[in-house]
Amino acid sequence: MTDVVTEQAASPASGDMIIADDCVVAFHYRMCEMKNGEKSGWIEESTGREPLMYLHGHANVISGLEAAMTGKKAGDKISITLEPEQAYGPRRSNSFQRVPIKHLHLKPGQKQVQVGEIVAIQTSQGIRNALVVKAGRFNVDVDTNHPYAGRTLHYEIEVASVRAASAEEISHRHVHGPGGHHH
Ligand code: ZN
């Protein structure tokens with residue numbers, strides 16, 4: 001990872017929880033692409049929405065982000081640029097697949113699929129999203145690369161809150177409750 005700039009929260013309160021394995025972290029972020037040393041416009045941002053929450057130490061966020069979060073606390077700011085290897089991985093050229101439309105996980109009632117649509121397909125690694133690059137009557141060709149594969153991404157992050165995870169959250173390896181997963 002490159003150019004980690006952190007701004008420590010002013011006057012940390014005693015008892016501030018430091019991000020470590022099995023913490024539930026809530027954070028706000030903005031993300032853009034770095035291309036030839038230049039930042040694109042913001043591609044994603046959580047501003048104006050609930051912060052994102054994840055269980056730290058269980059690979060629930062990309063590896064470069066998880067590494068940068070370790071040791072931070074609520075109020076800390078991180079500015080970081082991640083190479084594809086620390087983000088969504090390199091782009092693979094052999095990731096095109098022909099899939100029968102009847103095998104796609106489509107929305108209820110949906111029968112037709114369009115080029116450019118993201119569909120859910122079953123792979124050896126479980127259900128994944130894939131981009132439709134060609135649509136026929138019975139089959140579609142999909143690109144199973146993650147949309148951000150092969151891209152260098154820049155993140156600006158502010159840690160919103162940190163708390164200890166419950167035993168149940170740790171055993172499920174994800175966050176429960178507000179902002180998290182519901183059963
Ligand atoms: Zn659960």
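Note that the structure is predicted; figures quoted are calculated from it, not measured. (Residues numbered from 1 in each chain as written. Predicted model: local features only at pLDDT ≥ 70, side-chain atom pairs only at ≥ 80, totals over all residues. Heavy atoms only, no water.)

Break down the environment of S93 for me, with residues and values.
You can see S93 is positioned in the loop between strand 6 (77-82) and strand 7 (96-100). According to the relative accessible area criterion, S93 is exposed, its value standing at 68%. Sequence separation of S93 and D143 is 50 residues, and the distance between their C-alpha atoms is 8.9 Å. (Helix = DSSP H or I, 4+ residues; strand = E, 2+ residues; numbered from the N terminus. Buried < 20%, exposed > 50% of the residue type's maximum accessible area, 1.4 Å probe, protein only.)

Help me get a handle on the pairing of strand 11 (residues 152-164), residues and values and all.
Pairing geometry for strand 2 (residues 23-35) and strand 11, over twelve bridges, is antiparallel. Bridge pairing in strand 11 places E33 opposite L153. Pairing of strand 6 with strand 11 involves six bridges; the strand directions are antiparallel. If you follow T81 over to strand 11, its bridge partner there is H154. (Pairing = 2+ DSSP bridges.)

I'd like to hear about unusual backbone geometry, residue by residue, with values.
In this structure, D22 takes a positive phi of about 70° despite not being glycine. Inspection of the secondary structure puts D22 in the loop between strand 1 (2-7) and strand 2. Of note, the phi angle at A59 is positive, near 55°, even though the residue is not glycine. Here A59 is to be found in the loop between strand 5 (52-55) and helix 1 (63-69). Note on A59: relative accessible area 62%, which makes it exposed.

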